[in-house]
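The residues making up each chain are set out below.
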Amino acid sequence: MPATQSVADRLLDKKKTIKTERKGKLIVYTCATIIILTTVSITLFLVLRGMQAFVADGVSPIEFLTSLDWNPARSADQGGPAYGALPFIVGSFAVTILAALVAAPLGIGAAIYMTEIAPSWGRKILQPAVELLVGIPSVVYGFIGLTLIVPFIRENVGGQGFGLLAGMVVLSIMILPTVTSIATDALRSVPNGIRESSLALGATRWQTIRRVIVPAAGPMLLTAIVLGMARAFGEALAVQMVIGNSRTIAESLLDPTATLTTIITLNMGHTVPGSTENNVLWSLGLILLVMSYLFIIIVRFLSSRRRFS
């Protein structure tokens, strides 16, 4: 009788376990489905809205991507509205690449210091400082750039202060915590055996860092840079406050220019939904979406090339 009861209890426990597992799987699959449906819905929505300017309004895609003339308010007597987005595309890439060129060495250098050189008290100081930069809102970065960086450039470098240089400085500071955090995780993921083997062969600490650790974490370090660039490419408010928002391509670092995000934020609230100008702004948003997917593809490719397990 006790044996029969014991078997019954086991069967009951097994049924409860199976039921719990089913509930867990249902929750997990539901969450995954919601994320997938949300991503697909946003993508389809942006594609449909972004293509209306070319399909319904007759805007030429070639002219849209290659023309330097952006003047939606121009009358028919003056030649009609023009929707050339090339200055904004170039501005987005220029400020993103320049910010990455500044933030990448600083972020990777800080990551090397925290993981390979700094004593424990050094990590305790630098790590909270990096985390503090992450928590600062974009508008604060923009306001600091407007009140400190722009006047400094105007008085000491030249120009009006508003321009590509100011945008580059603000963005490089904004993406620095992203690059530093991911680079730190990448360097910490390098197995200690690699370090010990290099030191055992007679290499110095700096030789080990330069020739062993950094190359081993190379793909993940590149991932940190690409993610920082993705963060910079989609930034709007902070850049809008310091870049000058000119509808021309900057010929130097001191010249004002504009990005895809700044033009969208400046003009979207002043357009009528369904109008040609409004649809063209959605087309600019579609370009941002395409670039986001491109950055994700690059990150996935780099992550698959890790040199250690």
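Our structure's up above, just so we're on the same page.
Residues numbered from 1 in each chain as written. Predicted model: local features only at pLDDT ≥ 70, side-chain atom pairs only at ≥ 80, totals over all residues. Heavy atoms only, no water.

Chemist: So what about the overall build of the protein chain? Which residues, and what values?
Modeler: On a plain count of helices and strands, the protein chain comes out with 12 helices and two strands. Going residue by residue from the N terminus, the α and β elements of the protein chain occur as α-α-β-β-α-α-α-α-α-α-α-α-α-α. If you line up the protein chain on its principal axes, its C-alpha atoms span 100 × 60 × 35 Å. Of all 309 residues assigned to the protein chain, the portion counted as buried reaches 39%. When the accessible area of the protein chain is evaluated, it comes to approximately 17,300 Å², of which 67% is carbon and sulfur surface. The distance from the centre of the 24 positive side-chain charges to the centre of the 16 negative ones in the protein chain is 17 Å. (Helix = DSSP H or I, 4+ residues; strand = E, 2+ residues; numbered from the N terminus. Buried < 20%, exposed > 50% of the residue type's maximum accessible area, 1.4 Å probe, protein only. Areas by Shrake-Rupley, 256 points an atom, 1.4 Å probe, with all protein chains shown as cover. Lys, Arg positive; Asp, Glu negative; His and termini not counted. Charge placed at Lys NZ, Arg CZ, Asp CG, Glu CD.)

Chemist: Give me helix α9 (residues 218-233): which residues, what numbers.
Modeler: Given a rise of 1.5 Å per residue, 16 residues ought to cover 22 Å, and the 22 Å separating the end C-alpha atoms of α9 matches this to within 8%. Residues of α9 that are buried in the fold lie against α3 (86-117), α6 (164-188), α8 (205-216), α11 (260-267) and α12 (276-303). (Expected span 1.5 Å × (residues − 1). Contact = heavy atoms within 4.5 Å.)

Chemist: Can you break down a nonpolar patch on the surface residue by residue, with the values?
Modeler: On the surface, V139, V140, I144, L148 and L237 cluster together into a nonpolar patch covering about 400 Å² of accessible area. Broken down by element, the nonpolar patch gets its largest block of residues, four residues, from helix α5 (residues 138-156). Mapped onto the elements of the fold, V139 is located in helix α5. Given a relative accessible area of 41%, V139 falls into the partly exposed group. (Patch = residues over 30% accessible without salt bridge, like charges linked within 9 Å, V, L, I, M, F, W, Y side chains within 5 Å. Salt bridge = Lys/Arg side-chain N within 4 Å of Asp/Glu carboxyl O.)

Chemist: Break down the packing of aromatic side chains for me, citing the residues and quoting the values.
Modeler: All told, the structure shown has six aromatic pairs when counted by the stated rule. Ring geometry for W70 and Y83: centres 5.9 Å apart, planes at 80°, overall edge-to-face. A residue pair is termed long-range when its members are at least 10 positions apart, and W70 in strand β1 (residues 70-71) and Y83 in strand β2 (residues 82-83) qualify at 13 residues. According to the relative accessible area criterion, Y83 is buried, its value standing at 11%. One aromatic cluster is present, formed by W70, Y83 and F88 through successive ring pairs. (Phe/Tyr/Trp six-rings, centres within 6.5 Å; stacked < 30°, edge-to-face > 60°.)

Chemist: Can you tell me about the side chain of S172, naming the residues and giving the values?
Modeler: Looking at where S172 falls in the secondary structure, it is placed in helix α6. With a relative accessible area of 8%, S172 lands in the buried category. When neighbours within four sequence positions are excluded, S172 is seen to be in contact with A99, V102 and A103.

Chemist: I'd like to hear about the environment of G122, residue by residue, with values.
Modeler: Relative to the helices and strands, G122 is located in helix α4 (residues 120-135). G122 sits in the buried class, given a relative accessible area of 5%.

Chemist: If you had to explain the packing of α3 against α6 to someone new, which residues and values would you point to?
Modeler: Between α3 and α6, whose axes approach to 6 Å, the crossing angle comes to 35°. As for how α3 packs across α6, the hand of that crossing is right-handed. Of the residues belonging to the contact of α3 with α6, the class tally is 22 nonpolar, six polar and two charged. (Axes fitted to C-alpha atoms, helices over the stretch in contact; angles between N-to-C directions. Left-handed = near helix turned anticlockwise from the far one by under 90°. Nonpolar A, V, L, I, M, F, W, Y, C, P; charged D, E, K, R; others polar.)

Chemist: I'd like to hear about the environment of I27, residue by residue, with values.
Modeler: Its location among the elements puts I27 in helix α1 (residues 2-55). For the pair I27 and G142, spaced 115 residues apart in sequence, the C-alpha separation works out to 41 Å.

Chemist: Can you tell me about α5, naming the residues and giving the values?
Modeler: The terminal C-alpha atoms of α5 lie 25 Å apart, and with 19 residues this matches the ideal 27 Å at 1.5 Å per residue to within 8%. The sharpest bend along α5 measures roughly 40° and falls at G145. Residues of α5 that are buried: Y141, G142, G145, I149, V150, P151 and I153. Of the surrounding elements, those touching the buried residues of α5 are α4, α6 and α10 (237-242). (Bend = angle between axes of the 7 residues up to and from the residue.)

Chemist: Pulling in residues and values, what's your account of the environment of M51?
Modeler: Relative to the assigned elements, M51 resides in helix α1. Take M51: its relative accessible area is 35%, and that puts it in the partly exposed class. Between the C-alpha atom of M51 and that of T208, which follows or precedes it by 157 residues, the distance is 52 Å.

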